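The residues making up each chain are set out below.
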Amino acid sequence: MPKFHTLKVQDIRQETADCVSVAFAVPKTLAADYQFIQGQYLTLKTSINGEEIRRSYSICVGPKDGELRVAIKKVPDGRFSTYANEVLKVGEELEVMTPMGKFYTPLNANNQKQYVFFAAGSGITPTISIIKAILAEEPKSQVSLFYGNKGVGTIIFKEEIEQLKNLYLGRLSIHHILSQEMQGSDIFCGRLDGNKCTQYANIFFDAKTVDAYFICGPGDMIFSLKEALEKMGVELAKIHFELFVSPDQKNIPTSQAKEATTSNTKNIESQITIILDGNTYEFPLDSKGENILDTALKNGADLPFACKGGVCCTCKAKIMTGEVTMDVNYGLEADEIARGFVLTCQSHPTTDKVVVNFDE
């Protein structure tokens, strides 16, 4: 069960003109709670102009780097990202949820694998964490990174990436793709998409022999690359991707949502029971009304959540009794749904009684 703790900002580093990385001081008493797996993220919470704001940001360091750090890129009209880039100071405190996320694959020192990464913009944040872990923990594995940006000045972690390349000569190859600057070769100019992926597969790697692909960036880029890889015969199980924007933004097609749960759609009033930290909360909810998460919050249950868009899985819980239907699902896998897990931010009751357990 993810929990918030108050952590002090230990360091703020200006990575680019519109991106900072923020490191947190973790007390020894909480060290175990904030141990993370490469590719995971933290949800940050604070009050801005009297309103509670929560946002999730990927951890941008390796598990063995000895610090807890996230990167926050300023986005237009982004309240939290603007606050972090312009207002937040070292020594201030934020509410930080314990690490979450499934954007990784298990590592083993005996592995001899080939990994290919595609990232764009701030999609490098979980990517660099995974790359550092692979290079440190799998000495026989090879890594290729294709990283898209507008220009050289917008490349987040540029120096660190080059240092990694020099440190792991022969095992890490880096390819920068710039959309607004020429680099002398057409294949590295423009946007990172499915067409580029097909070109790169013909030159730099054999699509079918790569052991795992990781894709992180805007939704349209992710699904373009995913489609291209599938057309080249890559097994779906080898393709890992992380959405870092909410699905209400236009670049994430609803058609790309994973299978959601379905059930009957009759209009009923259901009695909802929430189990959280051993406590129970009960309230009625119309099947055609708002989702379970929002209603539970209004009824005093301090449930974990972040994006409220069916992406991050922070609000995941298990249905113990009854049935629900989900509007969309970008985060849960088919096996999780089969075991009764749902995203409560997308869930509506379809039976007279529903028991939702957040402690499972």
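For the structure given in this document, a descriptive report is provided here. (Residues numbered from 1 in each chain as written. Predicted model: local features only at pLDDT ≥ 70, side-chain atom pairs only at ≥ 80, totals over all residues. Heavy atoms only, no water.)

Take the overall build of the protein chain next. Helices and strands together make up the secondary structure of the protein chain, namely seven helices and 18 strands. Whereas a compact globule of 360 residues would reach a radius of gyration of roughly 21 Å, the protein chain reaches 21 Å, a difference of no more than 12%. Along the three orthogonal principal directions, the C-alpha set of the protein chain runs to about 65 × 50 × 40 Å. In the protein chain, which comprises 360 residues, the proportion classed as buried is 53%. For the protein chain, the share of sequence-separated contacts (at least 6 apart) that also reach a separation of at least 24 residues comes to 66%. Accessible surface computed for the protein chain: about 16500 Å², of which carbon and sulfur atoms make up 46%. Taking the 37 positively charged and 45 negatively charged side chains of the protein chain as two groups, their mean positions are separated by 3 Å. (Helix = DSSP H or I, 4+ residues; strand = E, 2+ residues; numbered from the N terminus. Rg over C-alpha atoms; globule rule 2.2 N^0.38 Å. Buried < 20%, exposed > 50% of the residue type's maximum accessible area, 1.4 Å probe, protein only. Contact = heavy atoms within 4.5 Å. Areas by Shrake-Rupley, 256 points an atom, 1.4 Å probe, with all protein chains shown as cover. Lys, Arg positive; Asp, Glu negative; His and termini not counted. Charge placed at Lys NZ, Arg CZ, Asp CG, Glu CD.)

Leftover empty space is mapped by rolling, across the atoms, a probe with the size of a water molecule. In this model, the second largest pocket occupies a volume close to 210 Å³. Lining the second largest pocket are Q10, F24, A25, V26, A31, Y34, Q35, F36, P63, G66, E67 and L68. Broken down by class, the residue content of the lining of the second largest pocket amounts to eight nonpolar, three polar and one charged. (1 Å grid on protein atoms, 1.4 Å probe; cavity = no way out; pocket = protein on both sides within 12 Å on 5 of 7 lines; lining within 4 Å. Points joined across faces, edges and corners; volume = space filled by probe spheres on them. Nonpolar A, V, L, I, M, F, W, Y, C, P; charged D, E, K, R; others polar.)

Okay, the packing of helix 2 (residues 124–137) against helix 3 (residues 158–167) next. Running from N to C, helix 2 and helix 3 cross one another at 20°; their axes reach a closest spacing of 12 Å. As judged from the angle between their axes, helix 2 and helix 3 are roughly parallel. Here the hand of the crossing between helix 2 and helix 3 comes out left-handed. Where helix 2 abuts helix 3, its residues I124, I128 and K132 lie against E160, I161 and L164. Its residues assigned to classes, the contact of helix 2 with helix 3 shows four nonpolar, no polar and two charged. (Axes fitted to C-alpha atoms, helices over the stretch in contact; angles between N-to-C directions. Parallel < 35°, antiparallel > 145°, perpendicular 65-115°, else oblique. Left-handed = near helix turned anticlockwise from the far one by under 90°.)

For the rest of this paragraph, the subject is the sheet that holds strand 14 (residues 316–321). If you trace the five strands from one edge of the open sheet to the other, you get 13-12-18-14-16, paired in mixed fashion. The sheet is open, and its two borders are formed by strand 13 (279–286) and strand 16 (341–343), each paired with just one other strand. Across the sheet, the mean angle separating the axes of adjacent strands is 35° when strand polarity is ignored. In this structure, strand 12 (residues 269–276) lies alongside strand 13, joined through eight bridges in antiparallel fashion. Along strand 13, the bridge assignment pairs I275 with T280. (Pairing = 2+ DSSP bridges.)

Bringing helix 4 (residues 194–203) into the picture now. Burial in helix 4 covers these residues: G194, K196, C197, Y200 and A201. Taken around the axis of helix 4, the buried residues stretch over an arc of 150°, which confines them to a single face. Seen from the buried face of helix 4, the exposed residues on the opposite side, beyond 90 degrees, are N195, N202 and I203. Where helix 4 begins, one side-chain oxygen reaches toward the backbone nitrogen of N195, 3.2 Å away; that side chain belongs to D193. (Arc of directions from axis to C-beta. Polar contact = N/O pair within 3.5 Å; in protein donor to acceptor, adjacent residues only side chain to side chain.)

The biggest cluster of nonpolar side chains holds 29 residues, and the ones touching the most others in it are F118, Y200, F205, Y213, I215 and L229. Residue assignment for this core shows that the elements contributing at least two residues are strand 7 (114–120), helix 4, strand 10 (212–217), helix 5 (219–231) and strand 11 (239–243). When residues in this core are grouped by element, the largest group, six residues, is from helix 5. Those residues in contact with Y213 that sit more than four places away from it in its chain are V116, F118, F205, D206, A207, K208, L229, V234, K238, I239 and H240. Core analysis: the second largest hydrophobic core is formed by 28 residues, I130, L135, V143 and F214 among them. (Core = buried A, V, L, I, M, F, W, Y, C linked by side-chain atoms within 4.5 Å.)

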